[in-house]
Amino acid sequence: MIAILKNRRGPFYLITTFFAIIFFAVFASSLAIVFSLFLIAVLVLYPVLLDWFSRLYGQEDIADEVHFAKTKDGWNIALHRHIPPIPNPDLAPVIVVHGIATNKYVIDLDKRHSLPYYLKLRGYEVFAVSLRGAGSSYHESRGGYEDFTFDDLVKYDVPAIISKVLSLTESKRVNWVGHSMGAMIFYSYLGITPKSEKEKIASFVSLGGPGNLNHLGLSLIGLLSRFPRARKVLDLKFGASMLAPLAGEIYTPIDQILYNPKATRPRIVKKVMKNAIENISEGLIEQFMSWIETKKMSSLNGFYNYIDLQKEITVPSLFVAGANDAIATPDTVRFVYERAGTKIKKFHVISKEEGASDDYGHGCLILAEKAEDDVFPKVETFLREHGTSKKQSWFLRLKRKFRQNIRT
């Protein structure tokens, strides 16, 4: 009791503490009010500011051509084609696919921040894709926009994209590079497609593609599952475009989930916010939230368990994770790497410890200032070794690997 009394502060300290709390409460409230008024002003003036935003952060398409792959359910999927100045006929064409809530610009932003452009300069013919509901992709009748799901991307988009690229290039095989959900849909496609279709795939690269979503339950993304009405009223694309000038200037918990600001420049984040963010279809977000809540990744009809089917990944595969990635943690990428049934597979974590410029976050894998030094060469080396237009014998693969080792 005596010890407790000795540790008590006098009345003066109680009074000053009380006023300090009041001061900070008023100060915080004032900041919140000022910020709210700022957002309201931006919202009211948005039509006037739109042209200014576009000139500051707009981005032209750096691809050479645009084609469309028609799906069996009426979608026309935009394929932005990069034609190499000096084509290498030994290399199979490469399909590069974005993740959820984005379009092709997140993987093909500008000449410095574009894996497709990087590969194009090295002899590959590359197609940067905008999946259904994103970018220039469109439906013959817009009625189906809100209804598509992850299952639809796997069942319709992936085979239509592969078929169109094979037709355009007259190649017998293609490579698939997927970032985030762009990798997840290919995990699932390889799980459900017959062997004859898998033979059309030369190699596969996963950039931050999680093998499960169990770790997202307590994150900000997981919390969305508890607020179903909020998910339906938010216009993600409009909000991102409106807040583009502030992106990268104020580092929030959401930014921490999406990228590492030490590796990705604020101006690039602004350009992504203005050009690459898309709304998420209701069916897709509901399916993702169900997976987070149940910790199971099943098709809506219950016929497929996408996690169990990861063992059917039997094509040469490269799995790349960012050390600071909160969406596709190294453990969740390693999870699918270990389950994959292919005999040819590699796993990399992009981190300072492994020689990279920094510990990469989710978006950093494709947008970091030094991604063309830390990530892109790993992808290109794997594609050059395994992503050939014709299937190689074990002897030719060994010979090619021996030559690469001599050069390095």
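Rules used throughout
- Counting from 1, residues in each chain are numbered in the order their sequence is written.
- A pLDDT threshold of at least 70 governs which residues receive local features in this predicted model, and a stricter bar of 80 or more applies before side-chain atom pairs are shown or counted, although totals over entire chains, interfaces and linings include all residues.
- Side-chain numbers here rest on the full set of heavy atoms in the structure, without hydrogens or water.
- Working definition: helices are DSSP H or I runs of at least four residues, strands are E runs of at least two. Numbering for both runs from the N terminus.
- The buried label applies to any residue whose accessible area, calculated with a 1.4 Å probe on protein chains only, is under 20% of its type's maximum; exposed applies above 50%, and partly exposed to all values in between.
- A contact between two residues is defined here by any heavy atoms of the two lying within 4.5 Å.
- Residues are said to line a cavity or pocket when one of their atoms sits within 4 Å of a point; the points come from a 1 Å grid over protein atoms alone, cavities being sets where a 1.4 Å probe fits but cannot get out and pockets being open sets with protein on both sides within 12 Å along at least five of seven lines.
- Grid points are joined across faces, edges and corners, and a volume is the space filled by probe spheres set on the points.
- Each residue gets one label: Ala, Val, Leu, Ile, Met, Phe, Trp, Tyr, Cys and Pro are nonpolar, Asp, Glu, Lys and Arg are charged, and the others, such as Gly, are polar.
- Given a helix with a known number of residues, its expected span is that number minus one, times 1.5 Å.
- In this scheme, the bend at a residue equals the angle between the axes fitted to the seven residues that finish there and the seven that begin there.
- As used in this structure description, the phrase polar contact means that two N or O atoms lie within 3.5 Å; if the pair is within protein, one of them must be able to donate a hydrogen and the other to accept it, and residues adjacent in sequence are counted only when both atoms belong to side chains.
- Paired strands, in this sense, are two strands between which DSSP finds at least two bridges.
- The nonpolar core is taken to be a set of buried Ala, Val, Leu, Ile, Met, Phe, Trp, Tyr and Cys residues, with the residues joined through side-chain atoms within 4.5 Å.
- Each axis is a line fitted through C-alpha atoms, taken for helices only over the stretch in contact, and angles between the N-to-C directions span 0 to 180 degrees.
- Here is the rule for angles: anything less than 35 degrees is roughly parallel, anything more than 145 is roughly antiparallel, 65 through 115 is roughly perpendicular, and the remaining ranges are oblique.
- Surface patches are drawn from residues lacking salt bridges whose relative accessible area is over 30%; two like charges belong together within 9 Å, two nonpolar side chains (Val, Leu, Ile, Met, Phe, Trp, Tyr) within 5 Å.
- Only the protein chains shown count as cover for residues, with accessible areas throughout obtained via the Shrake-Rupley method and a probe of 1.4 Å.
- By convention in these notes, a salt bridge is any Lys or Arg side-chain nitrogen within 4 Å of a carboxyl oxygen on Asp or Glu.
- The pairing test for Phe, Tyr and Trp rings, Trp by its six-membered ring, is centres within 6.5 Å, and the orientation test on the planes gives stacked under 30 degrees, edge-to-face over 60, and tilted for anything in between.
- Charge over a ring is defined by NZ of Lys or CZ of Arg lying within 6 Å of the ring centre and within 35 degrees of the ring normal.

**A closer look at the side chain of serine 180**
Then, in step 1: Note that serine 180 resides in the loop between β6 (174-179) and α5 (181-192).
Then, in step 2: Using a relative accessible area of 8% as the deciding quantity, one classes serine 180 as buried.
Then, in step 3: In this structure serine 180 touches Gly99, Leu207, Gly208, Gly209, Pro210 and His362, once residues within four positions along its chain are discounted.

**Comments concerning the layout of surface pockets**
Then, in step 1: Here the second largest pocket is characterised by a volume of approximately 480 Å³.
Then, in step 2: For the second largest pocket, the lining is made up of 20 residues, of which Arg173, Thr314, Val315, Pro316 and Lys391 are closest to its centre.
Then, in step 3: Within the residue set of the lining of the second largest pocket, elements represented by two or more residues are α6 (195-198), β7 (201-207) and α16 (376-386).
Then, in step 4: Across the lining of the second largest pocket, the residue classes break down as five nonpolar, six polar and nine charged.

**Section: helix α4 (residues 150-169)**
Then, in step 1: Under the 1.5 Å per step criterion, the end-to-end length of α4 is 27 Å for 20 residues, consistent within 8% with the ideal 28 Å.
Then, in step 2: The axis of α4 is deflected most strongly, by about 30°, at aspartate 157, and proline proline 159 appears within four residues downstream.
Then, in step 3: Counting buried positions along α4 yields 14 of 20 residues, so the element is predominantly enclosed.
Then, in step 4: Where α4 begins, the capping side chain belongs to threonine 149, and its oxygen is found 3.3 Å from the backbone nitrogen of aspartate 151.
Then, in step 5: One or two steps after α4, the chain reaches glutamate 170, where phi turns positive at roughly 55°.

**Topic: empty space enclosed by the protein**
Then, in step 1: Here the structure, examined in full by the defined rule, presents one cavity of 30 Å³ or more.
Then, in step 2: As a volume, the largest cavity reaches approximately 110 Å³.
Then, in step 3: Contributing to the lining of the largest cavity are 17 residues, with Ala101, Arg132, Phe148, Asn279 and Leu284 lying nearest its centre.
Then, in step 4: When the residues that make up the lining of the largest cavity are grouped by side-chain class, the tally is nine nonpolar, six polar and two charged.

**Concerning the pairing of β7**
Then, in step 1: With seven of seven residues buried, β7 is to be regarded as a mostly interior element.
Then, in step 2: Both β6 and β7 contribute to a ladder of six bridges, which runs parallel. Across the sheet, the residue bridging to asparagine 175 is serine 203, located in β7.

**A look at the nonpolar core**
Then, in step 1: Judged by nonpolar contacts, the single largest core of 52 residues is most densely connected at Phe150, Ile162 and Trp176.
Then, in step 2: The element that contributes the greatest number of residues to this core is α4, accounting for nine residues.
Then, in step 3: Not counting the four nearest positions on each side in its chain, phenylalanine 150 is found in contact with Met181, Met184, Ile185, Ser188, Leu284, Gln287, Phe288, Trp291 and Tyr306.
Then, in step 4: With 41 residues, the next largest nonpolar core counts Leu115, Val126, Ile268 and Ala276 among its residues.

**Details of the packing of α4 against helix α12 (residues 282-294)**
Then, in step 1: As a packed pair, α4 and α12 sit with axes 7 Å apart at the nearest point and diverge in direction by 115°. On the basis of their axis angle, the class for α4 and α12 is roughly perpendicular. Residues Phe150, Asp151 and Leu153 of α4 touch α12, and the partners they reach there are Leu284, Gln287, Phe288 and Trp291.
Then, in step 2: Looking at the contact of α4 with α12 residue by residue, the class counts come to five nonpolar, one polar and one charged.

**Describing a nonpolar patch on the surface**
Then, in step 1: The grouping of Val66, Phe68 and Tyr138 at the surface amounts to a nonpolar patch, some 240 Å² of accessible area in total.
Then, in step 2: Inspection of the secondary structure assignment puts tyrosine 138 in strand β5 (residues 138-139).
Then, in step 3: Residue classification places tyrosine 138 among the partly exposed positions, given a relative accessible area of 38%.

**Focus: the packing of aromatic side chains**
Then, in step 1: In the structure shown here, the tally under the stated rule is 18 aromatic pairs.
Then, in step 2: Centroid distance phenylalanine 288 to tryptophan 291: 5.3 Å. Interplanar angle 35°. Geometry classified as tilted. With a gap of three residues between them, phenylalanine 288 and tryptophan 291 both fall in helix α12, about one helical turn apart.
Then, in step 3: You can call tryptophan 291 buried: its relative accessible area is 3%.
Then, in step 4: One aromatic cluster in this structure is built from Trp176, Phe186, Tyr187, Tyr189, Phe204, Phe319, Tyr337 and Phe347.
Then, in step 5: Positioned over the ring face of tyrosine 118 is arginine 122, at 3.6 Å from the centre of the ring.

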